[in-house]
Amino acid sequence: MASISSRASVWLNLPARVPTQEHYPLENPFMIRTKHSPRGVAAAVALLGLSTFSHAGIDVGVFVEKPFVEIGKATPKLSVSAFNDGADATVDVHFGLVAPDGSVYEYPDWNTELRPWLSSFTLPAGLRFPATEITNLDSVPGGLTPGVWYVASVLTKPGTFDFLAVDLQPFSVADPAVQATTGTRVGALTLSLQDGSLQGVKTADAFFWGVDTQGALGDLVNAYGGDQPAVDSCRFDETSVNLADIGSIEGLVPKMLDAGSELTLSGAGSSLTLPRDSQVFQGVSLNTYHAGLGEGFYQTGVEYTFTGTGGADVGPFTAKAVAPAPLVLTQPNPASIVSQNAASDMPLRWNGSHGKGLVAASMASVALGGTTKVFTISCLFADDGEGTIPAALIGQLKARVDANGTDLAGLLGSLGNGGGGVDLSGVDLSGLGIDLSSLDLSNLDLSNLDLEALGLGGANLSPVVLAVLRSVVTPFNTDANDLSAGFFSITSGVTVSVTLN
């Protein structure tokens with residue numbers, strides 16, 4: 001990643017200066033006098049409306065370690081980044097939180113009077129301040145309350161509320177104590193656009209799942225989605241999965257929830273219907289919702305709306321999120337199989353967004369045996385256009401792949417009951433860059449599986465898949481707050497086959 005400017009490094013060591021009253025006159029509509037001030041609520045509403053604003057080459061980004069928090073458990077870390085593509089600029093730096101009730105708390109003392117963290121601070125020309133941990137949420141006055149919170153940072157002209165840059169990121173706070181009757185329930189809505197040397201993925205999907213145990217949100221989310229690395233870091237994971245026991249997750253038996261016969265996704269004057277598809281998969285009943293995207297459905301900057309009228313388990317809901325610009329990978333070349341020396345770093349380059357938001361990169365491989373093993377390098381980068389997968393982790397991945405081998409045909413077979421005549425019509429391998437939508441898999445004979453027909457390059461296919469994905473994640477809930485947590489994610493990126501040598 002870009003190095004920290006020596007001048008910018010003093011940012012973390014400077015005390016905040018409290019402005020005098022004349023800096024913030026009462027007639028300023030963004031002035032916050034007390035926690036419960038109507039003007040404070042108005043300020044929060046105005047701020048939320050400028051969640052991705054920047055001006056004159058100056059920009060700021062904020063990050064929250066994970067998109068949800070359970071009251072009583074460890075709180076996530078908060079980080080900030082900054083850019084300046086122009087000349088030296090003097091700004092006031094505000095960093096803090098917007099609560100569900102509209103209260104605004106400013107770091108470092110969580111004041112409610114909009115006192116900046118740093119007053120009249122100079123952003124040097126050419127500044128590239130990477131995502132850097134600032135604090136956590138342990139000391140928020142009164143503690144966290146259930147609902148959607150935002151971590152926010154604003155750069156203004158000194159002593160004013162003339163905004164130069166704004167960034168906000170939401171996170172959901174859940175209270176395990178209110179899950180006593182329903183257990184733990186999670187909803188996931190996705191809009192995905194992926195290209196690259198592997199098959200393209202253009203889909204909308206949704207599923208809802210849960211357990212009858214309260215307070216299991218973290219375990220349930222991590223079991224399905226995994227625990228992500230810190231911003232601007234990578235790590236290697238080896239996971240063993242016995243597909244015959246897929247229903248058991250750390251002692252929790254999940255159930256898929258019914259949210260109605262169909263869902264609707266609309267945006268840019270178009271709409272999609274996602275019908276419910278019920279499948280029985282290794283003893284687990286799945287209720288999923290899926291639809292393919294037509295050409296032109298995904299458009300940058302469009303607000304998309306997921307709606308559901310409710311079903312037996314999940315009530316009516318509406319979720320909204322704005323689509324980011326599609327990620328364009330420029331290094332490595334996404335149009336062909338990538339050859340990578342396992343003893344060298346892999347630099348990644350893409351069309352960055354001045355450090356606003358996150359880009360996830362992964363290199364993954366699957367090895368089959370008595371127990372399926374998944375080897376993954378997971379990286380998380382601030383969206384500044386560049387990142388690096390370290391050679392040490394790539395070497396570790398190659399060693400595990402060489403020692404265990406891979407077998408994609410066998411992988412597909414293991415997902416059913418093995419042998420020919422297996423119904424795989426409900427299997428979604430888009431996460432591995434495999435698009436099965438063009439094939440009739442209702443009665444597939446796996447004994448003569450044609451990988452070329454899947455667009456996977458046949459016998460010379462590399463066992464490693466590189467994915468570089470930009471995502472926007474927005475929390476949501478049902479009208480009756482049925483969910484412990486819900487996430488609507490819009491993702492764009494590429495999936496590329498990689499040969500390690």
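Anyway, here's the lowdown on the structure attached to this text. Given the structure is predicted, the values throughout are model-derived calculations rather than measurements.

Cut-off values and rules
Residues numbered from 1 in each chain as written. Predicted model: local features only at pLDDT ≥ 70, side-chain atom pairs only at ≥ 80, totals over all residues. Heavy atoms only, no water. Core = buried A, V, L, I, M, F, W, Y, C linked by side-chain atoms within 4.5 Å. Buried < 20%, exposed > 50% of the residue type's maximum accessible area, 1.4 Å probe, protein only. Helix = DSSP H or I, 4+ residues; strand = E, 2+ residues; numbered from the N terminus. Contact = heavy atoms within 4.5 Å. Expected span 1.5 Å × (residues − 1). Arc of directions from axis to C-beta. Pairing = 2+ DSSP bridges. Axes fitted to C-alpha atoms, helices over the stretch in contact; angles between N-to-C directions. Salt bridge = Lys/Arg side-chain N within 4 Å of Asp/Glu carboxyl O. Phe/Tyr/Trp six-rings, centres within 6.5 Å; stacked < 30°, edge-to-face > 60°. Lys NZ or Arg CZ within 6 Å of the ring centre and 35° of its normal.

1. Comments concerning the nonpolar core
Ranked by size, the top nonpolar core spans 34 residues in total, and within it Phe95, Leu97, Trp149 and Leu155 carry the most contacts. Contributions of two or more residues to this core are made by β2 (58-64), β4 (77-84), β5 (89-98), β7 (118-123), β8 (127-136), β9 (147-156) and β10 (163-174). Sort the elements by how many residues they give to this core and β5 lands first, with five residues. Sequence-distant contacts of leucine 97, that is, excluding residues within four places in its chain, are made with Leu78, Ser103, Val104, Tyr105, Trp110, Leu137, Val140, Trp149, Tyr150, Val151 and Phe171. Counting 29 residues, the second-largest nonpolar core is a separate cluster that includes Leu193, Ala204, Leu257 and Tyr289.

2. So, helix α3 (residues 391-404)
Compared with an ideal rise of 1.5 Å per residue, which puts 14 residues at 20 Å, α3 spans 20 Å between its outermost C-alpha atoms and is within 8% of the ideal. Residues of α3 that are buried: Ala391, Leu393, Ile394, Leu397 and Val401. Buried residues of α3 fall within an arc of 160 degrees about the axis and therefore sit on the same side. Relative to its buried face, α3 has exposed residues pointing more than 90 degrees away, namely Ala392, Asp402 and Ala403.

3. Brief notes about the sheet that holds β2
Taken in spatial order, the three strands of this open sheet run β2-β4-β8, and their pairing is antiparallel. A strand with exactly one partner marks an edge of an open sheet, and here the two such strands are β2 and β8. The mean inter-strand angle of the sheet, taken between neighbouring strand axes irrespective of direction, is 15 degrees. With seven bridges joining them, β2 and β4 adopt antiparallel strand pairing. Residue pairing for β4: glycine 61 is matched across the bridge by serine 81.

4. Brief notes about the pattern of salt bridges
Summed over all chains, the structure comprises 11 salt bridges. The shortest N-O distance in the salt bridge between arginine 115 and aspartate 109 comes to 2.5 Å. A relative accessible area of 18% means that arginine 115 is categorised as buried. Take aspartate 109: its relative accessible area is 44%, and that puts it in the partly exposed class. A salt bridge links glutamate 113 to arginine 115, with the nearest nitrogen and oxygen atoms 2.7 Å apart.

5. Digging into the packing of aromatic side chains
Applying the stated criterion across every chain yields a total of 14 aromatic pairs. A centroid spacing of 6.0 Å and a plane angle of 50 degrees characterise the contact between phenylalanine 95 and tryptophan 117, whose relative ring orientation is tilted. Pair noted here: phenylalanine 95 is in strand β5 and tryptophan 117 is in the loop between β6 (104-106) and β7, with a separation of 22 residues, a long-range link. For the pair phenylalanine 95 and tryptophan 117, a shared accessibility class is recorded, and that class is buried. Between phenylalanine 297 and tyrosine 304 the ring centres are 5.4 Å apart and the planes differ by 40 degrees, which places this aromatic pair in the tilted class. Summarising the burial analysis for this pair, phenylalanine 297 and tyrosine 304 share the class buried. The cationic tip of lysine 66 hangs over the ring face of phenylalanine 68; the distance from NZ or CZ to the ring centre is 5.2 Å.

6. Concerning the sheet that holds strand β20 (residues 329-331)
Hydrogen bonds along the backbone pair up the strands of a sheet, which may run parallel or antiparallel. Spatial ordering of the open sheet is given by β20-β22-β25, a layout of three strands whose pairing is antiparallel. Two strands close off the open sheet at either side, each with one partner strand: β20 and β25 (386-389). The average angle at which neighbouring strand axes cross in this sheet is 30 degrees, direction not considered. In terms of strand pairing, strand β22 (residues 346-350) meets β25 through four bridges, oriented antiparallel. Paired with methionine 346 across the bridge in β25 is isoleucine 389.

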